[in-house]
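# Fold and geometry: a report
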Amino acid sequence: MITSTKGKSPFYPGQPVPVELFVGRTEQLNRIITRGVGQVAEGKPITIYVQGEYGIGKSSVAKFVQWMADRNYNLHPIYASIGGVGSLEDLAAAVLEATVRSGAFDPKKWEKIGEFLAKYVGSIDLYGVSINFDALKKDASNFKTPFSMLSFLSETLNRLRKDTEINGVFLVLDEINGVASNPDFAFFVKSMVDTNAMSTEPLPLLLMLCGVENCRREMIHNHQPVERIFDVVDIEPMCKEEMEEFFLKAFKSVNISVTSKPLGIMSYYSAGFPKIMHLIGDSAFWLDQDGEITEGEAMNAVLSAADEVGKKYVDQQVFKALRSKDYHSILRKIAKTGLDMSFLRQDVTKGLTESERKKFDNFLQRMKKLKVLRSGDIKGEYVFNSRMVRLYIWLDALRKRPRR
Ligand SMILES: Nc1ncnc2c1ncn2[C@@H]1O[C@H](COP(=O)(O)OP(=O)(O)OP(=O)(O)O)[C@@H](O)[C@H]1O
Ligand SMILES: [Mg+2]
């Protein structure tokens, strides 16, 4: 019989991190709490844009700060992930659904929300609430104007406030990439914020949007005045201390110890990217045999995480895009120069054939477009954007896999 002796892995490569394993981001959290949460708890509506590249930790910050705001400031959290949403009607449906779900974690809140939104509830069981989507979709168009959405949220707050102290609503619209290019969305957000500010009794609403910088720019492009409503909070790559704290905390939670060398290896290759951190940590967790991560295990974990990143990203988006045989050969030659994150154009040129040399500039442009490389500070210097991609390309060249 096959039995599992390992407990639950404390690593979550594809999901926002659970509250108990969240690390760092002190500056951003402080800012959101003092300028956002605290103000809304006092009755002043605030709108925040949490911005950062893919996988950097935006959703995790949003979830964590919602949890804090609920506990310490009595803001009711509503979290809507709207990645697949393109229209205002779909947006209204997503907010409606998120509002129904927002009551499900607390029996006292559920009494009120469940009653208020009963027609959208299919059933409630051990796994939480199931939604009556037919009813929800039918009504969504009633909430797609800024005014009706505000009234709906106000009514939710009023219901919750009966006999409980709730100071406001904290609505997160996460993954706005789908809807950001729709001009209606920029107008909707701006108008919702203005309508609320101008009303005699504004709804204490913390509205938080999460997305890459480009989505915010798109919204501004569609409707310039949107620029003024956001307090922008940037999520940057993590520093070494944050990464090490994370590994220690995560491994400790499952009684695995790590000394400073393997810790250094894992954070070095994570290079500030929390997603990579979780991939490496997860590999190390499964490789571990005896409750202590060794240097060898850390390095193997890095290699297998690099393989995973490589298969998903480099194989699919880089190798496939580089059709010419010469391009692949140039990449292999760069790869084999070692594991440095940067190289000089002239150093690589020396080892190229005549026909590769002719294509080298085009190759570099392509790699910049694919976001594998960027220009360095010195003239003719090129820098890899990701350590894992660099590592994978190197591994791949060593294996000398023939490429078509
Ligand atoms: N502060 C943190 N502490 C620990 N792990 C984190 C932290 N922030 C993010 N992570 C982890 O990093 C990965 C990416 O985080 P998250 O999903 O929050 O990023 P994101 O910016 O929302 O990504 P996307 O662009 O895909 O929406 C996840 O595996 C998550 O668990
Ligand atoms: Mg996210």
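Residues numbered from 1 in each chain as written. Chains lettered and ligands numbered in written order. Predicted model: local features only at pLDDT ≥ 70, side-chain atom pairs only at ≥ 80, totals over all residues.

An unreviewed UniProt entry annotates the protein chain as Orc1-like AAA ATPase domain-containing protein of candidate division WOR-3 bacterium.

## Some remarks on the overall build of the protein chain
Across its full length, the protein chain holds 16 helices and 12 strands. On the principal axes, the C-alpha backbone points of the protein chain span a range of 75 × 55 × 40 Å. Evaluated residue by residue, the protein chain yields a buried proportion of 39% over its 404 residues. At a minimum sequence separation of 6, the contacts of the protein chain that also span at least 24 residues come to 73%. (Helix = DSSP H or I, 4+ residues; strand = E, 2+ residues; numbered from the N terminus. Buried ≥ 20, exposed ≤ 12 C-beta atoms within 10 Å, placed from the backbone. Contact = placed C-beta atoms within 7 Å.)

## What to know about the site of ligand 1
In the region of ligand 1, 23 residues are neighbours, and Val17, Gly57, Ser59, Ser60 and Pro274 sit closest. Taken together, the elements giving at least two residues each to the shell around ligand 1 come down to helix 2 (58-73) and helix 11 (274-287). Classifying every residue of the shell around ligand 1 by side-chain character gives 11 nonpolar, 8 polar and 4 charged. Inspection of the shell around ligand 1 shows a minimum of three residues originating in each of domain 1 (25-234) and domain 2 (240-313). (Near = placed C-beta within 6 Å. Nonpolar A, V, L, I, M, F, W, Y, C, P; charged D, E, K, R; others polar. Domains from an automatic or database assignment.)

## Digging into the packing of helix 12 (residues 295-319) against helix 16 (residues 387-399)
Where helix 12 contacts helix 16, the axes come no closer than 8 Å and their chain directions differ by 95°. If you check the angle between helix 12 and helix 16, you find them roughly perpendicular. Between helix 12 and helix 16, the residues in contact are Leu303, Ala305, Ala306, Asp307, Val309, Gly310, Tyr313 and Val314 and Met388, Val389, Leu391, Tyr392, Ile393, Leu395 and Asp396, respectively. Split by residue class, the contact of helix 12 with helix 16 holds 12 nonpolar, 1 polar and 2 charged. (Axes fitted to C-alpha atoms, helices over the stretch in contact; angles between N-to-C directions. Parallel < 35°, antiparallel > 145°, perpendicular 65-115°, else oblique.)

## Observations concerning the pairing of strand 2 (residues 75-81)
Within strand 2, 5 of the 7 residues are buried, which leaves it mostly tucked inside the rest of the structure. Where strand 2 meets strand 5 (residues 168-174), 7 bridges bridge the pair, whose relative direction is parallel. Counterpart to Pro77 in the pairing with strand 5 is Phe170. (Pairing = 2+ DSSP bridges.)

## Brief notes about the environment of Glu89
Along the polypeptide, Glu89 turns up in helix 3 (residues 88-102). Using a count of 16 C-beta atoms within 10 Å as the deciding quantity, one classes Glu89 as partly exposed. Along the chain, Glu89 and His76 lie 13 residues apart, while their C-alpha atoms are 23 Å from each other. What Glu89 contacts, discounting residues up to four positions off in sequence, is Ala140, Ser141 and Lys144.

## Let's talk about unusual backbone geometry
For Asn74, which is not glycine, the phi torsion reads 55° and is therefore positive. Tracing the backbone through its elements, the reader meets Asn74 in the loop between helix 2 and strand 2. Even without glycine at this site, Asp163 takes up a positive phi of about 60°. With respect to the helices and strands, Asp163 occurs in the loop between helix 6 (146-161) and strand 5. The exposure class of Asp163 is exposed, given the 8 C-beta atoms found within 10 Å.

## Focus: the sheet that holds strand 10 (residues 342-344)
Judged by pairing direction, the sheet is antiparallel, and its 3 strands sit side by side in the order 10-12-11 without closing on themselves. Only two strands of the sheet have a single partner each, and these edge strands are strand 10 and strand 11 (373-375). Strand-to-strand twist across the sheet, computed as the mean angle between neighbouring axes with direction ignored, equals 30°. Summarising the sheet, strand 10 and strand 12 (residues 381-384) pair through 3 bridges and their orientation is antiparallel. Following the sheet pairing, Ser342 is matched in strand 12 by Val383.

## Looking at the domain arrangement of the protein chain
The domain architecture assigned to the protein chain consists of domain 1 (25-234), domain 2 (240-313) and domain 3 (321-399). Computed over C-alpha atoms, the centres of domain 1 and domain 3 are 44 Å apart.

## Quick word on the packing of helix 10 (residues 260-270) against helix 12
Viewed as axis vectors pointing N to C, helix 10 and helix 12 meet at an angle of 15°, and their least axial separation amounts to 8 Å. Regarding the angle of helix 10 to helix 12, the classification is roughly parallel. Along this stretch, helix 10 crosses helix 12, giving a crossing that reads as right-handed. Counting all contacts with helix 10, which are made through Lys261, Pro262, Ile265, Met266 and Tyr269, the residues of helix 12 involved are Glu295, Glu297, Ala298, Met299, Ala301 and Val302. When the residues that make up the contact of helix 10 with helix 12 are grouped by side-chain class, the tally is 8 nonpolar, no polar and 3 charged. (Left-handed = near helix turned anticlockwise from the far one by under 90°.)

## What to know about helix 6
Quick reminder: α-helices carry 3.6 residues per turn. Residues three or four places apart thus point the same way. Relative to the 22 Å expected for 16 residues at 1.5 Å per residue, helix 6 spans 22 Å between its end C-alpha atoms, a close match to the ideal helical length. In this structure, the buried side of helix 6 is in contact with strand 2, helix 3, helix 4 (107-116), strand 5, helix 7 (183-198) and strand 6 (205-211). (Expected span 1.5 Å × (residues − 1).)

## Looking at helix 11
With 14 residues, helix 11 ought to run about 20 Å at 1.5 Å a step, and its terminal C-alpha atoms sit 20 Å apart, in line with that. Among the 14 residues that make up helix 11, 11 are buried, leaving the element largely enclosed by the rest of the structure. Of the residues making up helix 11, those classed as buried are Pro274, Ile276, Met277, His278, Leu279, Ile280, Gly281, Asp282, Ser283, Ala284 and Phe285. The secondary structure elements touched by the buried residues of helix 11 are helix 9 (240-252), helix 10, strand 9 (292-293), helix 12 and helix 16.

## Topic: the pairing of strand 12
Burial along strand 12 is one-sided: the face carrying Tyr382 and Phe384 is buried and the face carrying Glu381 and Val383 is not. Note that strand 11 and strand 12 share 3 bridges and pair antiparallel. Its bridge partner lying in strand 12, Leu373 is registered against Phe384.

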